[in-house]
Amino acid sequence: LPTKPDFRQAIENDQGAREILGELAHFKENYQQGGTSTGSGLWYTILKKGMDAKLSKGETARIKYLGCLSDGTVFGENFTGGSSFSFTTGQGSVIKAWEETLSLIGPGGKVFLAVPPTLGYGKLGKAPFIGPQDTLFYYFELEEAQQLSQ
C-alpha cells in the first residue's frame, strides 16, 4: 500500500503549530469525556468563542486549520504557508462539519473538532490523505468574515 502523506515535518519549525498539534493530540484522546456533541455527531471543545456575530450564508470565512487522523497523521494545515483558507458559507464547498462549526463560534473563535465520517469525507474518503470512514480531528480558527459584494 502507498504511504499516506504526512505534514508533521512541515510544521516542525513552527512553534505555534507544534503546540497546537500537541493540544489537538490531547483532545483526540479525550474528546468524548471533555467535549460537547451536537445532534449531528460533531464533537467540539471551544478554546475561544470569538465575537457574538455569526456568519450568514454567502459570507466569506477565512480560517487557519490543522487536521489530523486518529493515528496522528497530519493531512492538512495552513500554518506553514502563511495564508488563510477561504470559502463562501452555504455553498457546499467544504465538509459539513466546517459549516456547522460556524454556528458555534464567531470571528476570532478557536475550536477543536472531532468530525465523524458523516460530516467529513464519508465512505469515499479523500485519497491519498483520508481513508473511507476516517474520523477527522481539527484545530479550526475563524479569522475574519467578509460580506460578498453583490
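Residues numbered from 1 in each chain as written. Predicted model: local features only at pLDDT ≥ 70, side-chain atom pairs only at ≥ 80, totals over all residues. Heavy atoms only, no water.

Draft legend 1. Region of the structure containing the overall build of the chain. From N to C terminus, the chain includes 2 helices and 7 strands. Scanning the chain from its N terminus toward the C terminus, one meets helices and strands in the order α-β-β-β-β-β-α-β-β. Taking 150 residues into account, the globule formula puts the C-alpha radius of gyration at 15 Å, and the chain, at 15 Å, falls close to it. When the backbone C-alpha atoms are referred to their principal axes, the chain occupies close to 50 × 35 × 30 Å. The 150 residues of the chain split such that 43% are buried. Considering only residue pairs separated by 6 or more positions, the chain has 69% of its internal contacts joining residues 24 or more positions apart. (Helix = DSSP H or I, 4+ residues; strand = E, 2+ residues; numbered from the N terminus. Rg over C-alpha atoms; globule rule 2.2 N^0.38 Å. Buried < 20%, exposed > 50% of the residue type's maximum accessible area, 1.4 Å probe, protein only. Contact = heavy atoms within 4.5 Å.)

Draft legend 2. Local environment of the nonpolar core. Counting residues in each nonpolar core, the largest one holds 25 residues, and the members touching the most others are Trp98, Leu113, Val115, Leu136, Tyr138, Phe140 and Leu142. Broken down by secondary-structure element, the contributors of at least two residues to this core are β3 (59–69), α2 (96–101), β6 (110–115) and β7 (136–147). Not counting chain neighbours up to four residues away, the residues in contact with Tyr138 comprise Leu24, Tyr65, Leu66, Gly67, Phe75, Ile95, Trp98, Val111, Phe112, Leu113, Val115 and Tyr121. Residues Leu66, Cys68, Phe79 and Ala114 belong to the second largest nonpolar core, which totals 15 residues. (Core = buried A, V, L, I, M, F, W, Y, C linked by side-chain atoms within 4.5 Å.)

Draft legend 3. Quick peek at the side chain of Glu141. Topologically, Glu141 is positioned in strand β7. The side chain of Glu141 is buried and forms no salt bridge, while Lys110, the nearest opposite charge, is found at 4.4 Å. Side-chain polar atoms of Glu141 contact the side chain of Tyr139, separated by 2.6 Å. If near-sequence neighbours (up to four positions away) are discounted, Glu141 is found in contact with Arg62, Ile63, Lys64, Gly109 and Lys110. (Lys, Arg positive; Asp, Glu negative; His and termini not counted. Salt bridge = Lys/Arg side-chain N within 4 Å of Asp/Glu carboxyl O. Polar contact = N/O pair within 3.5 Å; in protein donor to acceptor, adjacent residues only side chain to side chain.)

Draft legend 4. Region of interest: the environment of Ala17. Checked against the element boundaries, Ala17 lands in helix α1 (residues 15–34). The exposure class of Ala17 is buried, given its relative accessible area of 0%. Taking the C-alpha atoms as reference, Ala17 lies 26 Å from Lys54; in sequence the two are 37 residues apart. Those residues within four positions of Ala17 in sequence are excluded, and the remaining contacts are Ile11, Leu66 and Phe79.

Draft legend 5. Just the packing of aromatic side chains, in detail. With the rule as written, the count across this model stands at 16 aromatic pairs. Pairing Phe75 with Tyr138 gives two aromatic rings, centres 5.6 Å apart and planes at 90°, and the pair type is edge-to-face. Within this pair, whereas Phe75 is found in strand β4 (residues 74–77), its partner Tyr138 is found in strand β7, the two being separated by 63 residues in sequence. Each member of the pair Phe75 and Tyr138 is classed as buried. Taken together through their ring pairs, the aromatic side chains of Phe27, Tyr31, Trp43, Phe79, Phe112, Phe137 and Tyr139 make up a single cluster. Between Lys64 and the ring centre of Phe79, over which it is positioned, the NZ or CZ distance is 5.5 Å. (Phe/Tyr/Trp six-rings, centres within 6.5 Å; stacked < 30°, edge-to-face > 60°. Lys NZ or Arg CZ within 6 Å of the ring centre and 35° of its normal.)

Draft legend 6. Examining the pairing of β4 more closely. Where β3 meets β4, 3 bridges bridge the pair, whose relative direction is antiparallel. From the neighbouring strand, Leu66 faces β4, where its bridge partner is Glu77. Taking the residues that link successive antiparallel strands as the turn, the β3-β4 hairpin has 4 residues, and the phi of Gly72 there is positive, at about 95°. (Pairing = 2+ DSSP bridges.)

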